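Here is what each chain is made of, one letter per residue.
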Amino acid sequence: MNPEDIMRRLEILRIEHRDLDSAILALSDSGTGDQLQLARLKKRKLRLRDEIAALEDTLIPDIIA
């Protein structure tokens with residue numbers, strides 16, 4: 001993947017992460033939220049965070065100290 005593709009993918013993942021955050025908040029605020037659905041959304045959000053971190057790591061070169 002070239003840096004432009006990585007940046008595009010990162011933007012898509014960040015948007016999805018933000019949308020999941022809103023969905024989780026709305027579901028928990030409604031009081032009628034299905035706990036299983038809430039747990040699935042939170043798990044998906046964590047997977048996205050991990051994928052975002054991995055992609056960001058590919059953009060930042062390792063610095064040898």
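Quick summary incoming for the structure in this document. (Residues numbered from 1 in each chain as written. Predicted model: local features only at pLDDT ≥ 70, side-chain atom pairs only at ≥ 80, totals over all residues. Heavy atoms only, no water.)

## Some thoughts on the overall build of the protein chain
- The secondary structure content of the protein chain amounts to two helices and zero strands.
- Computed over C-alpha atoms, the radius of gyration of the protein chain comes to 15 Å, more than 25% over the 11 Å expected from 2.2 N^0.38 for 65 residues, which places it beyond the range of a compact globule.
- In terms of its C-alpha atoms, the protein chain occupies a principal-axis envelope of roughly 50 × 25 × 15 Å.
- Sequence separation of at least 24 residues holds for 69% of the intrachain contacts in the protein chain that already meet a minimum separation of 6.
- Summing over all exposed atoms, the protein chain offers an accessible surface of approximately 5100 Å²; the carbon and sulfur share of this is 57%.
- Once the 11 positive and 13 negative side-chain charges of the protein chain are each reduced to a mean point, those two points are 5 Å apart. (Helix = DSSP H or I, 4+ residues; strand = E, 2+ residues; numbered from the N terminus. Rg over C-alpha atoms; globule rule 2.2 N^0.38 Å. Contact = heavy atoms within 4.5 Å. Areas by Shrake-Rupley, 256 points an atom, 1.4 Å probe, with all protein chains shown as cover. Lys, Arg positive; Asp, Glu negative; His and termini not counted. Charge placed at Lys NZ, Arg CZ, Asp CG, Glu CD.)

## Section: the packing of helix H1 (residues 3–30) against helix H2 (residues 35–59)
- In the contact formed by H1 and H2, the axes pass within 9 Å of each other and the chain directions differ by 155°. Taken together, the axis directions place H1 and H2 in an arrangement best described as roughly antiparallel. Relative to H2, the crossing made by H1 is left-handed.
- Residues of the contact of H1 with H2, tallied by class, amount to 15 nonpolar, four polar and 10 charged. (Axes fitted to C-alpha atoms, helices over the stretch in contact; angles between N-to-C directions. Parallel < 35°, antiparallel > 145°, perpendicular 65-115°, else oblique. Left-handed = near helix turned anticlockwise from the far one by under 90°. Nonpolar A, V, L, I, M, F, W, Y, C, P; charged D, E, K, R; others polar.)

## Comments concerning the pattern of salt bridges
- For the structure shown, the criterion picks out six salt bridges.
- Here Arg-8 makes a salt bridge to Asp-5, at a shortest N to O gap of 2.8 Å. Of the two residues, Arg-8 and Asp-5 both sit in helix H1, three residues apart, roughly one turn of that helix.
- Taking relative accessible area as the criterion, Arg-8 reaches 51% and is therefore assigned exposed. (Salt bridge = Lys/Arg side-chain N within 4 Å of Asp/Glu carboxyl O. Buried < 20%, exposed > 50% of the residue type's maximum accessible area, 1.4 Å probe, protein only.)

## Examining H2
- The first and last C-alpha atoms of H2 sit 36 Å apart over 25 residues, in line with the 36 Å expected at 1.5 Å per residue.
- Three or more residues of H2 are buried, namely Leu-38, Leu-41, Leu-48, Ile-52 and Leu-55.
- Of the surrounding elements, those touching the buried residues of H2 are H1.
- Its side-chain oxygen 3.2 Å from the backbone nitrogen of Leu-36, Asp-34 forms the N-cap of H2. (Expected span 1.5 Å × (residues − 1). Polar contact = N/O pair within 3.5 Å; in protein donor to acceptor, adjacent residues only side chain to side chain.)

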